[in-house]
Amino acid sequence: MTRRIAAVMLVFALLVAPLAVVSGQEGYTLGLSLSTLNNPFFVTLRDGAQAAADALGVELVVVDSQDDPATEAANMEDLIAQGVDAILVNPTDADAIVPSILAANEAGIPVFTIDRGASGGEVVSHIASDNVAGGTMAGRFLCKLLGGQGKVVELEGIAGTSAARDRGAGFNAYLSESCPGLEVVARQTANFNRAEGLSVFENILQAEPEIDGVFAHNDEMILGAIEAATAAGRAADIKFVGFDAIDDAVAAVKAGTLAATVAQQPALMGELGVRTAVAHLNGETVEAYIPVALRLVQKLTLGLSLSTLNNPFFVTLRDGAQAAADALGTVELVVVDSQDDPATEAANMEDLIAQGVDAILVNPTDADAIVPSILAANEAGIPVFTIDRGASGGEVVSHIASDNVAGGRLAGEFLCNALGGQGKVVELEGIAGTSAARDRGAGFNAYLSESCPGLQVVARQTANFNRAEGLSVFENILQAEAEIDGVFAHNDEMILGAIEAAKAAGREGIVFVGFDAIDDAVAAVQAGTLAATIAQQPALMGELGVMTAAAYLGGEEVPASIPVALSLVTAE
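Since the model is a prediction, treat every value here as computed from it, not as a measurement.

*Asks:* Would you take a moment to explain the sheet that holds strand E11 (residues 289–292) for this structure?
*Replies:* Two orientations exist for strands paired in a sheet by backbone hydrogen bonds: parallel and antiparallel. Spatial strand order, E2-E1-E3-E4-E5-E11: six strands in an open sheet with parallel pairing. In this open sheet, the two strands that pair with only one neighbour each are strand E2 (59–64) and E11. Neighbour-to-neighbour, the strand axes of the sheet open up by a mean angle of 15°, direction not taken into account. Bridge analysis of strand E1 (residues 29–34) against strand E3 (residues 86–89) gives four bridges, and the strand direction is parallel. In the sheet register, Ser33 faces E3, and the bridge partner there is Val89. Set on the sheet, helix H9 (residues 266–281) makes contact with E1, E2, E3, strand E4 (111–114), strand E5 (125–129) and E11; between it and E5 the angle comes to about 165°.

So this is what it looks like as C-alpha cells:
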C-alpha cells in the first residue's frame, strides 16, 4: 500500500510536496521517538524511516513511548543525553511533548514532528497527512453512502493528539456544513486501540438501538467496532469507515465488512522525516510543513475499454492500469478489447454499464462513434475517463493523454532538421476519427507550414495504426513517388511497416520518424533503421487512469485534463 506511482499531477494521493534529493553524510545519528510500536501503522512508519536511514548512511535510534507521555519524556531525555544530531518525534500528546522539545531546543538539537504535531517548542518541520482533510473525506463518503440521512457514531483517538483533534474536526465540520441529515448519536474515545474500540462500541450498541454508520479516527478502533457489531448481529446494518489503511483494514474492505478507510502513507512519512532531517543538517532549506497525500480506499470495479490489444502500446497501457489496480489493493479491473471496431466497442461499453462498474476508462476507437456509449454511461450515473484518445461529446470527467499536437510538432521539427529544411515527405495517418491521428497530424503539418515550408508533403494516406497496412500503403506510395526523403507516421506500427516496404524496394536514404516508442521501434532506432520516435508513456497513462478514477470516486477533485510528458527518442 506504500507504492509510489510516478505522476505528473497532484490528484492522489501517492504524491507529496517535493524534497531535494540528499546524499546523506555518514556520522549523523538521528533519534526517532514513536508514540507506540504496538500499532502496525507506526511499525510501518519506523520501517520507512529505517530504509531511508540505511540508504543515506545515517544511524537511526528508535524508541517506543508505549502511548505514555512519561515514558516519552524519559526517551526524549535519553536521546538528548546521547547527543543525537536531530530528533524525529511522533508525540503521544501535543501538549505533553512541549517540555521535551524545549529541552532539545536548549541543547541545540533540531526537532521534526511526524504524523502528530506539538503545541509548542521550536519544530523545524512537520511531516504529516492533512488530517482535517482526511476527516472531511470520511464525512463526505459516509454522507454519500447513507444518502445524507442517518444516525452515526464517532470513535475518537487519544485525547490531546493532533491526529484525533484534526480528524474529528474535519469529520464534524463536513457534517455540520454539508450533511446536516447525519446525526452523531454517540462520540466516545477508544484511544486508537482495537480492544477499546470493541468494548466502547459494545456499550454504544447497547445504548443506541439505531446506528447507521460509524467513523473511527483510526483502523484499530474501527476493526474493534466491527467485531463488536458482528458479535451483536448488527454489522450488516452499519456502514463502517476507518482511517490509516493498515493491512487488516484493507483486507476488511476487500471482504466487504469495512466500507472504506482513509489511506495514509506511514512508510513515506518515515522516509520523508529522515530525508528532511538530513537535508536540514546538510544546510539545505526545508519546508515547515510537508504534507503527505491521502486517499480513500474502497472496494471498486473499474471498466477499461481499449481500442485494441493487437498493438503493444495498448498492451503496455493495460499493464500499467492493472499494476495501479493491484497497488491500490481493493480495485478490480475489467478489461475489454474493441478490436478497432466501433460496433464491438459499443457492445463492450453496454456490457460494462450493465455490470454496474463504478467507473469506465475508455480509449476510443473513434472520437465520434464513442459518444452514444459515453452518454449511456452518463445516464447510468457511471463516470467516464478517456485515455490517450479523446471523445467528441458526452460528459468526461478527465482526459489522460500525451499532448499529441505537441508530439506531432516535435516530429515535424526533427524531420525538418534531419533533412536540412528541404525535401519531399510522406505522412502515414492513423485511424480517421481518432483524436490521436487528428492531433498528431495537426501538430506535424502546423510545424511544417509555419517553420519548415521547404518540406513538401507529396503523399498523405491512412494506414489505420497497423503495421501490415503501413507496409502495403507505403509500397504503393513508393511506386507512385520516385523521390521521397522522409516519412512521418502517426504511430510506430505504421512506420515499421513502411521501413520494411522501403527495404524490400531497395530505397535507401529515407529518414523515418514514428510515434509511441514501442520496443520494436526503440530497437529500430538503436539499429539505425528508424531515425526517431516520439516516446509516450502508455504504462503511466494506464496508472494515472486508474488512480484518477479512484481519487474521483473517493470524493477528490481531479483535473479535466492530465497531460503525460513526451520525449524524442534518437540514437544519439
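*Asks:* Before we go on, may I ask you to explain helix H1 (residues 40–56) in this structure?
*Replies:* Residues spaced three or four apart along an α-helix point in a common direction, a consequence of the helix completing one turn every 3.6 residues. Taking 1.5 Å per residue, 17 residues should reach 24 Å; H1 reaches 24 Å between its end C-alpha atoms and fits that length. If you check which residues of H1 are buried, you get Phe41, Phe42, Leu45, Gly48, Ala49, Ala52, Ala53 and Leu56. Buried positions in H1, seen along its axis, are confined to an arc of 135° and lie on one side of it. Summarising the geometry of H1, the exposed residues directed more than 90 degrees from the buried face are Asp54 and Ala55. Elements that come into contact with the buried residues of H1 comprise E1, E2, E4, strand E9 (239–244) and H9. The N-capping residue of H1, defined by a side-chain oxygen 2.9 Å from the backbone nitrogen of Phe41, is Asn39. Following H1 by one or two positions, Gly57 adopts a phi angle in the positive range, close to 75°.

*Asks:* Help me understand the packing of helix H4 (residues 131–145) against helix H5 (residues 162–178), please; the structure alone is not making it clear to me.
*Replies:* Packed helices, taken two at a time, are described by the angle between their axes plus the distance between the axes. Relative to each other, H4 and H5 sit at 40°, their axes nearing to 7 Å. Taken together, the axis directions place H4 and H5 in an arrangement best described as oblique. Read as a crossing pair, H4 and H5 show a hand that is right-handed. On H5, the residues that touch Asn131, Val132, Gly135, Thr136, Ala138, Gly139, Arg140, Leu142 and Cys143 of H4 are Ala163, Asp166, Arg167, Gly170, Phe171, Tyr174 and Leu175. Partitioned by chemical class, the residues of the contact of H4 with H5 number eight nonpolar, five polar and three charged.

*Asks:* Just to check I follow, could you spell out the sheet that holds strand E22 (residues 532–535) for this structure?
*Replies:* Across the sheet, which stays open at both edges, the six strands sit in the order E19-E18-E20-E21-E22-E24 with mixed pairing between neighbours. Of all the strands in the sheet, just strand E19 (455–462) and strand E24 (567–570) have a single pairing partner and so form its edges. Averaged over all adjacent pairs, the angle separating strand axes in this sheet is 20°, with direction ignored. In the sheet, strand E18 (residues 423–429) pairs with strand E20 (residues 486–489) via four bridges, with the strands oriented parallel. Bridged to Val426 within E20 is Val487. Against the sheet, helix H16 (residues 492–505) touches E18, E20, strand E21 (511–516) and E22, its axis set at about 155° to E21.

*Asks:* Whenever I open this one, the nonpolar core confuses me. Can you help?
*Replies:* Most often, soluble globular proteins have nonpolar side chains that are buried together. Leu428, Phe474, Val487, Phe512 and Val546 are the most contacted members of the largest nonpolar core, which has 64 residues in total. A per-element tally of this core places helix H18 (residues 538–553) first, with nine residues. Beyond its immediate sequence surroundings of up to four residues, Leu428 is in contact with Gln461, Gly470, Val473, Ile477, Val487, Phe488, Ala489, His490, Met494 and Ala498. Within the second largest apolar cluster, 57 residues are counted, among which are Leu32, Leu45, Val58 and Ala225.

*Asks:* Honestly, the pairing of strand E10 (residues 260–263) in this entry has me stumped. Any pointers?
*Replies:* Consecutive residues of a regular strand have side chains that alternate between opposite faces of the sheet. Burial along E10 is two-sided: the residues Ala260 and Val262 and Thr261 and Ala263 are all buried. Direction of pairing for E9 relative to E10: parallel, over a ladder of four bridges. Bridge pairing in E10 links Gly242 to Thr261. Assessed by its sense of winding, the connection that carries the chain from E9 through helix H8 (residues 247–255) to E10 is right-handed.

*Asks:* Mind showing me how you'd approach the packing of aromatic side chains here?
*Replies:* In this description, an aromatic ring pair is defined by two values, namely the gap between the centres and the angle between the planes. Scanning the model with the defined rule gives seven aromatic pairs in all. Between Phe313 and Phe314, the aromatic rings sit 5.1 Å apart at their centres with planes inclined by 85°, giving edge-to-face as the arrangement. Taking relative accessible area as the criterion, Phe313 reaches 2% and is therefore assigned buried. By relative accessible area, which is 3% here, Phe314 ends up buried. Sitting above the plane of the Phe243 ring, Arg167 keeps its charged end 3.9 Å from the centroid. Over the ring of Phe515 we find Arg440, and its NZ or CZ is 3.9 Å from the ring centre.

Parameters at a glance
- Residues numbered from 1 in each chain as written.
- Predicted model: local features only at pLDDT ≥ 70, side-chain atom pairs only at ≥ 80, totals over all residues.
- Heavy atoms only, no water.
- Pairing = 2+ DSSP bridges.
- Helix = DSSP H or I, 4+ residues; strand = E, 2+ residues; numbered from the N terminus.
- Axes fitted to C-alpha atoms, helices over the stretch in contact; angles between N-to-C directions.
- Contact = heavy atoms within 4.5 Å.
- Expected span 1.5 Å × (residues − 1).
- Buried < 20%, exposed > 50% of the residue type's maximum accessible area, 1.4 Å probe, protein only.
- Arc of directions from axis to C-beta.
- Polar contact = N/O pair within 3.5 Å; in protein donor to acceptor, adjacent residues only side chain to side chain.
- Parallel < 35°, antiparallel > 145°, perpendicular 65-115°, else oblique.
- Left-handed = near helix turned anticlockwise from the far one by under 90°.
- Nonpolar A, V, L, I, M, F, W, Y, C, P; charged D, E, K, R; others polar.
- Core = buried A, V, L, I, M, F, W, Y, C linked by side-chain atoms within 4.5 Å.
- Right-handed = clockwise from strand over helix to strand, strands pointing away.
- Phe/Tyr/Trp six-rings, centres within 6.5 Å; stacked < 30°, edge-to-face > 60°.
- Lys NZ or Arg CZ within 6 Å of the ring centre and 35° of its normal.

The analysis is restricted to geometry; functional conclusions fall outside its scope.
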